[in-house]
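Descriptive analysis of the structure
What follows is each chain in one-letter form.
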Amino acid sequence: MSIVAPTPRLWEAPTHKRTHGSSRGAAVDSGTNPAACGLGKATASAARGEAAANGAAVEPADPRSPEEHGQAGLAVYQLIEAETQFLHWEIFEEECYASDGWITLNDGDVVVDCGANIGLFTLWAAAQADLSTLVALEPMGPQFGCLERNVELHMLQKMVRTRQLAVGKSSAETSPFVFFPRMPSSSHREIYTQEKEGQRATMSAHRFDGATTTACATTTLSEIIAAEKLDRIDLLKVDVEGDELAVLEGLSKPDAARVRQIVMEAHAVDDRIERIRALLEGYGFEVRVGGGDARMERAGSYNIAAKRPTPEPHWVAEHRQEDGTDVNVQFL
């Protein structure tokens, strides 16, 4: 069945103060980077496009600069403004995926975004460090269209690889998904319709009106790792509206060893949170489970962060230097 979706519109975030991320300190030339003149994101992007069309040399936008991110407002293509405002607040202002600074990103890191939606987490991650690669996976056509446009708008094509795929326990040519035109980010695999009743009880019923079913191609994390030739994943983000455990179960133990950090939103249905914790701890992760805001907790949603422990140093030898002093040799 074809999806009837809202028309994507450009939305610009209000100014805000970031808490964990850092801005790149490189100097910019206001003659070639319109953002350096203090323009808003949408205006700056349009000005860059016009300058490039006229043959002028244009510096790519730095998604971490104050002019391009934060103070001047972040612009994105989106479907429902109220939903986008909430997700922007959650990801950029509350920095829910930073886990109070416990989760970190460094230059050269590799990130995989499962359930990328319109790309807000993708843009947030790109703002934290000069990433090597970010693979953004989103199965639903309307959201994927916005994701692609936002990657292009922010000139991140060299960093970000977009794939229109769902991720689960096993691969399939297609799986049925339910799309909500008034609340696209809550779209989910059809098998989770009944358990979503708890979420619906915390929201206005009309937001789930007009639902349609569509087919989406499905893969596994291990297949993504092989197809994208990823030797490691420094941060795996999972927000897949009920499929969280299935996503992890589609990751083989050898491939799980490639993952350094995980952040995810999971739904407390049956013993799913406990099973996720047990699986991650079995793979050697330290796991933290915390609530989101009050609305999320009423809907049974929790944030989970997992990180491989930093090896504790231990002293195994004492070394005498040429000047006669003794020093401890530290091994990990």
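Quick summary incoming for the structure in this document. (Residues numbered from 1 in each chain as written. Predicted model: local features only at pLDDT ≥ 70, side-chain atom pairs only at ≥ 80, totals over all residues. Heavy atoms only, no water.)

Remark: helix H2 (residues 81-93) packs on helix H3 (residues 120-128), axes separated minimally by 10 Å, with the N-to-C direction vectors making an angle of 30 degrees. It follows from the interaxial angle that H2 and H3 lie roughly parallel. Crossing of H2 over H3 shows right-handed handedness. In this structure, H2 contributes Thr84, Leu87, His88, Ile91 and Phe92 to the contact, and H3 contributes Leu120, Phe121, Leu123 and Trp124. Partitioning the contact of H2 with H3 into residue classes produces 7 nonpolar, 2 polar and no charged. (Axes fitted to C-alpha atoms, helices over the stretch in contact; angles between N-to-C directions. Helix = DSSP H or I, 4+ residues; strand = E, 2+ residues; numbered from the N terminus. Parallel < 35°, antiparallel > 145°, perpendicular 65-115°, else oblique. Left-handed = near helix turned anticlockwise from the far one by under 90°. Contact = heavy atoms within 4.5 Å. Nonpolar A, V, L, I, M, F, W, Y, C, P; charged D, E, K, R; others polar.)

This next bit is on the nonpolar core. In globular proteins that are soluble, nonpolar side chains generally tend to be buried together. Residues Ile91, Leu120, Phe121, Trp124, Leu131 and Leu134 are the most contacted members of the largest nonpolar core, which totals 39 residues. When residues of this core are traced back to their parent elements, those giving at least two are strand E2 (75-78), H2, H3, strand E4 (133-137) and helix H4 (141-153). In terms of residue count, the dominant contributor to this core is H3 (6 residues). Membership of the second largest hydrophobic core comes to 31 residues, among which are Val135, Ile225, Leu248 and Val287. (Core = buried A, V, L, I, M, F, W, Y, C linked by side-chain atoms within 4.5 Å. Buried < 20%, exposed > 50% of the residue type's maximum accessible area, 1.4 Å probe, protein only.)

Okay, the side chain of Thr220 next. Mapped onto the secondary structure, Thr220 falls in the loop between strand E9 (212-219) and helix H6 (221-228). Given the relative accessible area of 7%, Thr220 is considered buried. Among all residues touching Thr220, those that are not within four sequence positions of it are Val167, Gly168, Lys169, Ser170, Ser171 and Gly250.

Two residues of an α-helix separated by three or four positions point the same way, owing to the 3.6 residues in each turn. Along its 13 residues, H4 runs 18 Å from first to last C-alpha, staying within 8% of the 18 Å computed at 1.5 Å per residue. Looking one or two places after H4, you find Met155, whose phi comes out positive at around 55 degrees. (Expected span 1.5 Å × (residues − 1).)

Right, let's get into the pattern of salt bridges. One pass over the full model with this rule turns up 12 salt bridges. A salt bridge links Arg232 to Asp234, with the nearest nitrogen and oxygen atoms 2.9 Å apart. Accessibility expressed as a relative area gives 7% for Asp234, which makes it buried. Here the salt bridges share partners, and the residues they tie into one network are Asp109, Asp231, Arg232, Asp234 and Arg260. (Salt bridge = Lys/Arg side-chain N within 4 Å of Asp/Glu carboxyl O.)

Any link to function would need more than the numbers given here.
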